[in-house]
Each structure stands twice: as structure tokens, then as C-alpha cells.
Amino acid sequence: MTREPLIQIQNLNVEYRTVRGAVRAVENVSFELFPNEVFGLAGESGCGKTTVANAMTRLLKPPAYITGGKLMFRDTNILELDAEQLRAFRWDQLAIVFQSAMNALNPVLTIGNQIIDAMQAHQAIAYAEARAHAKRLLRTVGIDVARVDSYPHQLSGGMRQRAVIAIALALNPELIIMDEPTTALDVVVQKQILQEIKDLREQFGFSILFITHDLSLLVEISDRIGIMYAGKFVEAGPAREIFSDPKHPYTDRLMNSFPTVHGPRRELLGIPGAPPDLIDPPAGCRFHPRCELAIAGECETVVPPLIRIGNHRDVACHLVKEAEAAS
Amino acid sequence: MSQPRKNKQPVLEARNLSKDFHTGGAFTGGVVKAVQGASFKLFRGHVVALVGESGSGKSTIVRMLARLHEPTAGEIFYNGEAVLSQRGRRALLRYRSRVQMVFQDPFGSLNPVHRASHAVQRPLKIYNKASGRQDLRDKLEELFALVSLTPVGEFIEKYPHQLSGGQRQRIAIARALAADPEVILADEPVSMLDVSIRLGILNLMARLRDEQGIGFLYVTHDLASARYFADEILVMYAGFIVEQAPAEELISDPKHPYTQMLLAAVPDPTRGLKTEDIELEGEIPDLTSLGGGCPFAPRCQHAMDICNEAMPTETTLEDGRWVRCYLYEDELAPA
């Protein structure tokens, strides 16, 4: 495949400078996102997934600092944009939908006017034309066109979240970052919105960086996923391959941590212990204190590099490296 | 997993429980029919899951059973005894020591200025479960060990902010256990926790069910965890319990059209997102303006004329399983 990546992240490092010391929230994270692809980021709270998204949009504020790496959007390094270029980039090429986005709508403006505002701030477009486009967008995300003059409080949570997606689509971006976009919603509404997102992606061809702690949801919607643990990528590859054949012990335990309604019922074990404090993370592999398969003398001293196995899977684990060497 | 013994007495029973909430002013106000005619039984060593979307009335049922809300109609039986007519502090204390609650938010349910020991000590004192300081300390350590907060000595001294969400929820469970309950009402106890932590709490509650014979009412919006932990599942929609079945049967063979829709909406990691053959149309109705019919009828693919006229009664399908839906009424008729 000779596809050009839309986004290329190389060795991204982010730290939060606190009074207790530097928290290395993201360490040497690299991944690519291709056009029209859904890339999912998974991991427990505090593993750095939202920090990656905020770094990509340059939304990090002190005490968070990007301490290294490259964030390429096609040929542009996002880290080198000045304020004006950044402002244009954020809406034209990229949109963001947050978890509580439905509460971020302005309560005193109709949803139609909020979509029109976004368009007029970035394009020379007449009000009437913008309003017609706003109606089209609402219809696209499954909201009755008559709602264009409704205020946010007149809509349900699911409808408000759809309205936010309509705003995200207003400038036809190439990338939409969705950080827990359906977490606050009920499962039926969640499914409705996810189907809508899938249809819209087919129609408009944008890429999605999808972040959620709900693994069954992430595996279902993503083409490829990256599993993060304590600020690092431990595994990346095609979603369903990772689900059915996880290589990293953390991924394996994570995939065996959530009950499902599909397939036979089985006992689940979960993961012993808790994620580490990132001010003073464990040496070597950060997962080794919780790993039952840790190799004495190696895992607690040597940091495992992320290595490619086969054509399209990456794993950072000494066990996998040795298994590969043996075969 | 245990099966409910038919001839055994339930430890807690709800019979036709209803709750109306009045909103607004005297002339402009409406009535929210939060729960209508809910009936079910809870046995010792048995887990019943109450599943539904937000606003379906699950928490209102829990609050009535915990005697935090006075039911508008219906009766609660504790070991066969009607409890709603029992008045006074003493009776309420006795009931609450046997029926304890665990809340959703472990960050909000522990007092931040007191150590972990404080939360667990209080019920021991209030319900007179300990005699003397040494006994109190022993009981405290026993409870911390029971919920796997070890080393016990260390955790007893900690403040809530020094604990993770999972550890706080373990303290909330220890606090409930301190009163020596027969039933624990757990209202979304794991929904605010991380995936890897969730399972630890569910497995802990399953152990308490098996080893201590505690009966659980497990309230959740997550069918998958209900299937994992519960013996029996009740599905709620807009204030009505619409289906009851053993957990595995409900998942493998859902009867009520709403249960079918709910199951179809659960993400399936084994395959990609597909357009389902079940339509996921519409939203939960406004509970102030329910008609007399089945509240799911406007969204239901199988809706008939009668569905808009009256709410169907329970149709018993087989042992331990019923559904409130006209589609199954014919199955009552002898073949």
C-alpha cells in the first residue's frame, strides 16, 4: 500500500510540570492516521489518550508542555504553526467533538445560528446560504430541519450531541477527533449516533481519531487501534486482529476485562494492581509490576521497543520479541 | 449460580410499587410517573439486575426500597412482613441495617475530611455491631480484609483522596457490609470505574453473594455486566418493568421488542459496525404525558392498535420468565 498518511505523529512527548515533579504523560508515541480511516486510542484513565488528542490540536495549556516529537498533518508540522495559521487549521482541516460537547453549546443561541457562526467565522459566506447549509447539515446528522431555530435546552442529550457533530462537519474537515463522543449517552442513542458517524464518513471521506475507554465500542468502530499504557503505546494494529489475537500481555488482560453480551459467558479475571504513578514510573517495561509473564532480569530493566511483527502489527514486549526471534 | 427456590420466602419483595413526582407549581405543574406497578422478588444469595436507560425509573425503585422515597402506591415486604406501615426511627433503623445501599459515585459518597476507618466504623456504632474498642477494631479489620483492602493497617488510615476509585468503592461496600445486611442495593456501582477495576468490584460482589449469601439488586444500564453478575434480569422502560428472565435466557432469547432493541444496540467487538435489521428509532417518551398504552408502542415495529389503548399485563412464558407485551398473550391460550 502506498497511501500517504494524513497525520503522522513521531516520538511525541508531553509532560505535565507539577510541584511534585514532571509527569511524563505521553512518552515517544508514534502513529499514523490515513485518509478515510478510523483510528482508535484505548487505555485506562490517565494513560495519556486525551493528552495525545490535545497535543494534536495544540490545545495543551501549561502545566502541560510538548517536550519533543513531530506532529505532521500532510506536509505541515502542526507544532510550527503560528497563532493565525493554527486558527485556520483548527476549523478547516480539523474538528473536535468532546465528551461533554453537548453541554458546550451556547444556551442563548439557536443551534442553527451556532452552525452559521462557525461557517461565517472561517468562510466568506452569505447568511442565507449558510442557513441553507446548516439545515442540510442538521438533516445529515438526523435532526429534523424544523429544529434549526431550537435552543439547546429544547433538545435531548442525544440531539445536542448530534448538533455538535453537525457543527464539526460545517467546514468539511479532513480529520475529526472524537474524545468519548457518546460516553454520556444511553446505549440506544449511542448506536444511533455511531451509525450516523459511519454513514457520514462514507459520504464525506474524513478520518476519525476515536478515543474511548469502552473497548467493545472502540473495536467495533475502528479500522486500526492503538493500546496505551502509562503514556506509551504497547500495541497497535487492525482492530479486530488485536481483539481476537492480542500480543501484549496488557492488551490480552484488557480484552479479558470486560463482559460482553456476545458469545458464551465466561469467567473474567481483570488485571491485578493499578496503573503506576507517572512521576516515578517503573523502570523497564511500565507494565511489568502487573504482568504475570514478566521475564526476571529483563522486563524490569530494559525498556521494550515497539517492533513490527508481520505486515501491520506493532508490539512493545520482550516476550513477543523473543518469540519472533525463535521462530 | 443459585436458582431462586420457589417455595422459599424472598428476603425482599416489591409488590405493585409506583411513584409519582409532582413538578412545577400548583396550577402549572405536571405529574412524572417515574415508576408504575413494579413487582419482583429478591432472594438471599441471588442477584437481580435492573436494567434500563437513564430516566427509566431504576434509581427510583432503589430509593423506594431503601426507604428514601415514599412509594405513591404498593407495598414492600421484608421477610414476608409489610414494611411501609412501620413507622418510627427504631423500625427504620432495623430495616436499613438489613437493606444497605452502595452508590454510583465513590468520589461523592465518602467524606473527604475523615479517614477510611470512619466510614466503616459509623454503621458498626449506629447499628450496635461492636462491643468495646477492641471489638470495633477487630470488626473493622475484618471488613477491610473482606473487601481485599490489604494491608489492612495501611488502608484504614488513608483519606479518600489517597485512594483510587476502585478502592473507594471497596470502602463503600465495606461500609454497607458493616451493618450486616441481607440485601445490598447497588445503584450503578461500577459505571464510574475503569474497565480493569470494574471487574474486580463485580467479582468481589459475586464472592459476597456466594460466601455471605447476600442478595443483590444490581442497577445498571449495561446489559453485559448484568449478564456477567446477575442470576436474573429485569428490563425497565419508561417506568414499567417490561420483561423478567434468567440472565442467560434474556441475553440469548430476548422477548420484549424493547429488550431486543437494547441488545441490538450493545457494541459487538467481534465484527464491524453494521446497519442493524432492528430499527433504532425514536427516543424515550416524556414521563409527564404518557397515555394509557404501552410506552414503547411509538417506537415499536410490531405495534398494534391495542398497544396504544392499555398497558399489557404480565404474560408468564415459562418458569421464572414473563413479559408485558401483547405479542405473547396468545401463548397463554391452551394449545
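Residues numbered from 1 in each chain as written. Chains lettered and ligands numbered in written order. Predicted model: local features only at pLDDT ≥ 70, side-chain atom pairs only at ≥ 80, totals over all residues.

What about the overall build of chain A?
Across its full length, chain A carries ten helices and twelve strands. Along the three orthogonal principal directions, the C-alpha set of chain A runs to about 70 × 50 × 45 Å. Looking at chain A alone, contacts between residues at least 24 apart form 63% of all its contacts between residues at least 6 apart. (Helix = DSSP H or I, 4+ residues; strand = E, 2+ residues; numbered from the N terminus. Contact = placed C-beta atoms within 7 Å.)

Section: the pairing of strand β9 (residues 224-229) of chain A
Residue and element names in this part refer to chain A. Of all the six residues making up β9, six are buried; the element is thus mostly covered by neighbouring parts of the structure. Every second residue of β9 is oriented toward a common face, with R224, G226 and M228 on one face and I225, I227 and Y229 on the other, all of them buried. Examined bridge by bridge, strand β3 (residues 38-42) and β9 share four bridges and lie parallel to one another. In the strand pairing of β9, G40 is matched with I225. Where β9 and strand β10 (residues 232-238) come together, six bridges link them in antiparallel fashion. Directly across from I225, in β10, lies its bridge partner G237. Once β9 ends, the chain turns through two residues before running back antiparallel as β10, passing A230 with a positive phi of about 50°. (Buried ≥ 20, exposed ≤ 12 C-beta atoms within 10 Å, placed from the backbone. Pairing = 2+ DSSP bridges.)

Let's talk about the domain arrangement of chain A
Residue and element names in this part refer to chain A. Entries for chain A in the domain assignment read domain 1 (7-93 + 174-270) and domain 2 (103-172). The C-alpha-based centres of domain 1 and domain 2 are spaced at 26 Å. For the side of domain 1 that touches domain 2, the secondary-structure elements that each account for two or more residues are α2 (83-92) and α6 (187-204). (Domains from an automatic or database assignment.)

Some details on the sheet that holds strand β11 (residues 315-318) of chain B
Residues and elements named next belong to chain B. Spatial ordering of the open sheet is given by β6-β7-β8-β3-β9-β10-β12-β11, a layout of eight strands whose pairing is mixed. A strand with exactly one partner marks an edge of an open sheet, and here the two such strands are β6 (99-102) and β11. Adjacent strand axes in the sheet meet at a mean angle of 20° when their direction is disregarded. Sheet strands in contact with helix α1 (residues 58-65) are β3 (47-51), β6, β7 (183-187), β8 (215-220) and β9 (232-237), and its direction is about 150° off that of β8. (Axes fitted to C-alpha atoms, helices over the stretch in contact; angles between N-to-C directions.)

A word on the sheet that holds strand β5 (residues 81-82) of chain B
Residue and element names in this part refer to chain B. The strand order across the open sheet built from four strands is β2-β1-β4-β5, with neighbouring strands paired in antiparallel fashion. Edge positions in the sheet fall to β2 (30-42) and β5, since each of these pairs with one other strand and no more. Examined bridge by bridge, strand β1 (residues 12-23) and β2 share nine bridges and lie antiparallel to one another. Residue pairing in the sheet places A14 in a bridge with F40 of β2. Across the sheet, α1 is in contact with β1, β2 and β4 (73-78); its angle to β1 comes to roughly 115°.

What about the packing of helix α6 (residues 165-178) of chain B against helix α7 (residues 195-212) of chain B?
All names here are of chain B. At a closest axis distance of 9 Å, the pairing of α6 and α7 adopts a crossing angle of 15°. With respect to their mutual orientation, α6 and α7 come out roughly parallel. In the crossing of α6 with α7, the sense of the turn from one axis to the other is right-handed. Taken together, the residues of α7 that come into contact with α6 (itself represented by G165, G166, Q169, R170 and I173) are I197, G200, I201 and L204. For the contact of α6 with α7, the per-class residue count stands at four nonpolar, four polar and one charged. (Parallel < 35°, antiparallel > 145°, perpendicular 65-115°, else oblique. Left-handed = near helix turned anticlockwise from the far one by under 90°. Nonpolar A, V, L, I, M, F, W, Y, C, P; charged D, E, K, R; others polar.)

Quick word on the environment of V234 of chain A
All names here are of chain A. Within the secondary structure, V234 sits in strand β10. It is 7.9 Å that separates the C-alpha atoms of V234 and T251, two residues lying 17 residues apart in sequence. If we skip the residues at most four places from it in the chain, V234 touches I227, Y229, H248, Y250, T251, F287 and A316.

Section: the packing of helix α3 (residues 111-122) of chain A against helix α4 (residues 127-140) of chain A
For any two helices packed against each other, the geometry is given by the interaxial angle and the distance between the axes. Residue and element names in this part refer to chain A. One way to put it is that α3 packs onto α4 with a least axis distance of 9 Å and a crossing angle of 120°. The pairing of α3 with α4 is recorded here as oblique in orientation. The hand of the α3/α4 crossing is right-handed. Every residue of α4 that contacts α3 at G112, I115, I116, M119 and Q120 is listed here: Y127, A130, R131, H133, A134 and L137. Each residue belonging to the contact of α3 with α4 can be placed in one class, and the counts come to seven nonpolar, three polar and one charged.

Topic: the nonpolar core
Ranked by internal contacts, the top residues of the largest apolar core, which has 188 residues, are I115, A166 and L209 of chain A together with A49, L217, Y218 and I233 of chain B. In terms of residues, this core owes the most to one element, helix α5 (residues 157-169) of chain A, which gives eight residues. In terms of domain composition, this core takes at least three residues from each of domain 1 (7-93 + 174-270) and domain 2 (103-172) of chain A. Contacts of I233 of chain B, omitting those with residues within four sequence positions, involve A49, V51, A226, A245, A247 and L250 of chain B. (Core = buried A, V, L, I, M, F, W, Y, C linked by C-beta atoms within 7 Å.)

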